[in-house]
Amino acid sequence: MDYYKASDLKRFAEVGTFAPELMDKFFEYYGAVTGSDGALTKREKALIALALAHAKQCPYCIDAYSTQCLESGADPEQMTEAIHVAAAMEAGMALVHGVQMQNCLKQRGAL
Amino acid sequence: MSSTFRRFITEHDVALAASRVGLMQVNITRLCNQACAHCHVAAGPNRREMMARETIERCLEVLGEHPEITTLDITGGAPELHPDFRELVSRARELDRHVMVRHNLTVTLERHPVTRASLAYLPAFFAEQGVEIVSSLPHYQPYLTDRQRGSGAFERSIASMRLLNEVGYGRPGSGLELNLVHNPVGPYLPADQCSLERDYHASLERSHGVVFNRLFALTNMPVARFAEHLEALGQAEEYRDRLSAACNPAAAANVMCRNMISVGYDGTLYDCDFNQMLDLAIEPEEPATIFTFDIDRLSERDIRFGDHCFGCTAGSGSSCGGATT
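This structure is a prediction, so every number in the text was calculated from the model and none was measured.

A.B. asks: Quick question: what am I supposed to make of the pairing of strand S2 (residues 71–75) of chain B here?
C.D. replies: Walk down a regular strand and you will see the side chains alternate between the two sheet faces. Residue and element names in this part refer to chain B. Counting buried positions along S2 gives five out of five residues, so the element sits mostly inside the fold. The alternating pattern of S2 places Thr71, Asp73 and Thr75 on one face and Leu72 and Ile74 on the opposite face, and all of these are buried. Inspection of the sheet shows strand S1 (residues 23–27) paired to S2 by five bridges, in the parallel sense. By the bridge assignment for S2, Gln25 is matched with Asp73.

Below you can see the structure in the form of structure tokens.
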């Protein structure tokens, strides 16, 4: 079995083969959130999505939102900063658990 | 020509009849000081095609006979490298035509690839003639421009823009328009023209101290060098799918071929510069040339469409004047 074939992204809608009304609702929601400028511009939304795609490590989304970032006018420097934000958040989320570790160390008399 | 594009416009009931010819675009040479990765003309320093003197004379004669053709758009290659370039500009201006020059900026700072003559006179000449300058600057980020136009092209372009700014181009109230052209570095659609224009203005003024008027965002056309580039990357089909999937009937309605005529260096007439590069001369008169120019027939012609036309109708649309929506 192959996993994460780039061409599979085009087949996303096939997930609606069953329970199509739920996929329709999803696509409608997805389009409403990401498809146009709102309080955030399409470019800002694309950069958020790109960062999240890296944090969640979704290759489909990385392909799609690298293109979407370029097509909404973001440049590679902005895109790289966006994934650093994701990486820094991931690091921070790991490290902040160190407080939990220290709570445990205190309970065990090691701190 | 039967094509997916024609099916699309038929299905969406988009009427793309030719209208009265109001703009003449002349491609006077394929010689260029640069060899940009995405050039649909595949222009470069080794090309030698030049419009003959008699053909230039005939273009001017046609302009003189047809006051409704209000604009002469001069392109190439680098049109400034043609020996009769200055005469063509000044005589079209004497006819009181609006003259646009597709000027690649760097040519001012380099020697003529064949004669080695200096072209440093260009900014003063452009200003004296009051021509509109349209210049490719693919991105405000130097590395993205250099990827398309060659190493150092961004810096040389900025230096050339400074010279144009010094004679008044891009300055408010000068009446001298310097418009820039953005196109994507690879197989994707250009971003929204207005938002890119804001970014260009902010970045170029803040980081480089240069100013311009408007930005035109163009889609890369899968023709000539860019088509070869896509084939080499294995992305030709994906890009064509991208363009056709993004086809926008509103953008299609305003495509430039409807009111222009494109003249090749040998005098052959085309609907646009892209058809010119694809050898799709105007039908049904084969070949229609500037020497048999008949504005009534041309204004009622059937435009020749092909699947490359999706390049002008995708997303916000694309023309020599940027987005069409």
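A.B. asks: Please explain the nonpolar core as it appears in this structure.
C.D. replies: Of all hydrophobic cores here, the largest spans 90 residues; its most connected members are Met24, Val26, Phe126, Met161 and Leu204 of chain B. It is helix H2 (residues 53–65) of chain B that contributes the most residues to this core, five residues altogether. Once residues lying within four places of it in the same chain are set aside, the contact partners of Met161 of chain B are Leu105, Leu137, Leu178, Leu180, Leu204, Val210, Val211 and Phe212 of chain B. Formed by 10 residues, the second largest nonpolar core is a distinct cluster that contains Leu50, Tyr65, Cys69 and Ala86 of chain A.

A.B. asks: Please explain the environment of Glu90 of chain A as it appears in this structure.
C.D. replies: You can see Glu90 of chain A is positioned in helix H4 (residues 76–96). The exposure class of Glu90 of chain A is partly exposed, given its relative accessible area of 34%.

A.B. asks: Any chance you could explain the interface of chain B and chain A here in plain terms?
C.D. replies: For interface size, the figure often reported is the accessible area lost on association. Contact residues are listed per partner, giving 15 residues for chain B and 10 residues for chain A. Note on chain B versus chain A: buried area summed over both sides is about 920 Å², and carbon and sulfur give 43% of it. A per-residue breakdown of the area chain B buries against chain A is headed by Tyr143, Tyr188 and Ala191 of chain B, which together make up 42% of the total. In this structure, the salt-bridge partner of Asp199 of chain B is Arg43 of chain A, at a minimum N-O distance of 2.6 Å. Summed over the shared surface of chain B and chain A, the number is six residue pairs in polar contact (both at pLDDT 80 or more). Contributing elements (two or more residues each) for the side of chain B that touches chain A: helix H5 (142–149), helix H7 (193–208) and helix H9 (236–245) of chain B. For the side of chain B that touches chain A, the element with the highest residue contribution is H7 of chain B, accounting for three residues. Of the residues contributing to the side of chain B that touches chain A, the split by class is eight nonpolar, three polar and four charged.

A.B. asks: What is the right way to read the environment of Gly64 of chain B from this model?
C.D. replies: Residue and element names in this part refer to chain B. Mapping Gly64 onto the fold places it in helix H2. On the accessibility criterion, Gly64 (43% relative accessible area) is partly exposed. Sequence separation between Gly64 and Leu88 is 24 residues; the distance between their C-alpha atoms is 12 Å. Setting aside its immediate chain neighbours within four residues, Gly64 contacts Leu95 and Arg97.

A.B. asks: Would you mind going over the sheet that holds strand S4 (residues 132–136) of chain B with me for this structure?
C.D. replies: Backbone hydrogen bonds are what pair the strands of a sheet, in a parallel or an antiparallel way. Residues and elements named next belong to chain B. With respect to topology, eight strands assemble into an open sheet ordered S6-S5-S4-S3-S2-S1-S7-S8, the strand pairing being mixed. Each of the sheet's edge strands pairs with one partner strand only, and the pair in question is strand S6 (215–217) and strand S8 (269–270). Against the sheet, H2 touches S1, S2 and strand S7 (260–263), its axis set at about 175° to S1. Contacting S1, S2 and strand S3 (98–102), helix H3 (residues 85–94) runs over the sheet at an angle of about 155° to S3.

A.B. asks: Looking at this structure, how should I read unusual backbone geometry?
C.D. replies: Generally, phi is negative for residues other than glycine and the peptide bonds are trans, each holding for most cases. Between Gly76 of chain B and Gly77 of chain B the backbone carries a cis peptide bond, its omega angle lying at 25°. Its place among the elements puts Gly77 of chain B in the loop between S2 and H3. A positive phi angle is found at Gln57 of chain A, which is not glycine, with a value near 55°. Topologically, Gln57 of chain A is positioned in the loop between helix H2 (42–55) and helix H3 (59–71).

A.B. asks: Can you walk me through the side chain of Thr313 of chain B in this structure?
C.D. replies: The topology assignment puts Thr313 of chain B in helix H13 (residues 310–313). Once residues within four sequence positions are removed from consideration, Thr313 of chain B is found in contact with Phe5, Ala246, Cys247, Asn248, Ala251, Ala252 and Val255 of chain B.

A.B. asks: It is not clear to me how the confidence of the model for chain B should be interpreted in this structure. Could you clarify?
C.D. replies: Predicted coordinates in regions of low pLDDT should not be interpreted in detail. Mean pLDDT for chain B: 92, with 98% of residues reaching 70 or above. Note on the complex model: pTM 0.90, ipTM 0.79.

A.B. asks: Looking at this model, I keep getting lost on the pattern of salt bridges. Mind explaining?
C.D. replies: A side chain of one charge can pair with a side chain of the opposite charge when the charged atoms of the two come close. Summed over the entire model, instances satisfying the criterion amount to 18 salt bridges over all chains. Ionic pairing is found between Arg11 of chain A and Asp8 of chain A, a salt bridge with its closest N-O pair at 3.4 Å. Arg11 of chain A sits in the partly exposed class, given a relative accessible area of 43%. Taking the shortest distance from any N to any O, the salt bridge between Glu110 of chain B and Arg156 of chain B comes out at 3.0 Å. Of the two residues, Glu110 of chain B sits in the loop between S3 and helix H4 (122–129) while Arg156 of chain B sits in helix H6 (residues 153–166), which places them 46 residues apart along the sequence.

A.B. asks: For this particular structure, what's the right way to read the environment of Arg304 of chain B?
C.D. replies: Residue and element names in this part refer to chain B. Along the polypeptide, Arg304 turns up in the loop between helix H12 (295–298) and H13. Here the alpha-carbon distance between Arg304 and Ile74, two residues 230 residues apart in the chain, equals 22 Å. A distance of 2.8 Å separates the side chain of Arg304 from the backbone oxygen of Ala281, its partner in a polar contact.

Each value, and the rule that gives it
Residues numbered from 1 in each chain as written. Chains lettered and ligands numbered in written order. Predicted model: local features only at pLDDT ≥ 70, side-chain atom pairs only at ≥ 80, totals over all residues. Heavy atoms only, no water. Buried < 20%, exposed > 50% of the residue type's maximum accessible area, 1.4 Å probe, protein only. Helix = DSSP H or I, 4+ residues; strand = E, 2+ residues; numbered from the N terminus. Pairing = 2+ DSSP bridges. Core = buried A, V, L, I, M, F, W, Y, C linked by side-chain atoms within 4.5 Å. Contact = heavy atoms within 4.5 Å. Buried area = accessible area lost by both parts, 1.4 Å probe. Salt bridge = Lys/Arg side-chain N within 4 Å of Asp/Glu carboxyl O. Polar contact = N/O pair within 3.5 Å; in protein donor to acceptor, adjacent residues only side chain to side chain. Nonpolar A, V, L, I, M, F, W, Y, C, P; charged D, E, K, R; others polar. Axes fitted to C-alpha atoms, helices over the stretch in contact; angles between N-to-C directions. pLDDT = per-residue confidence, 0-100.

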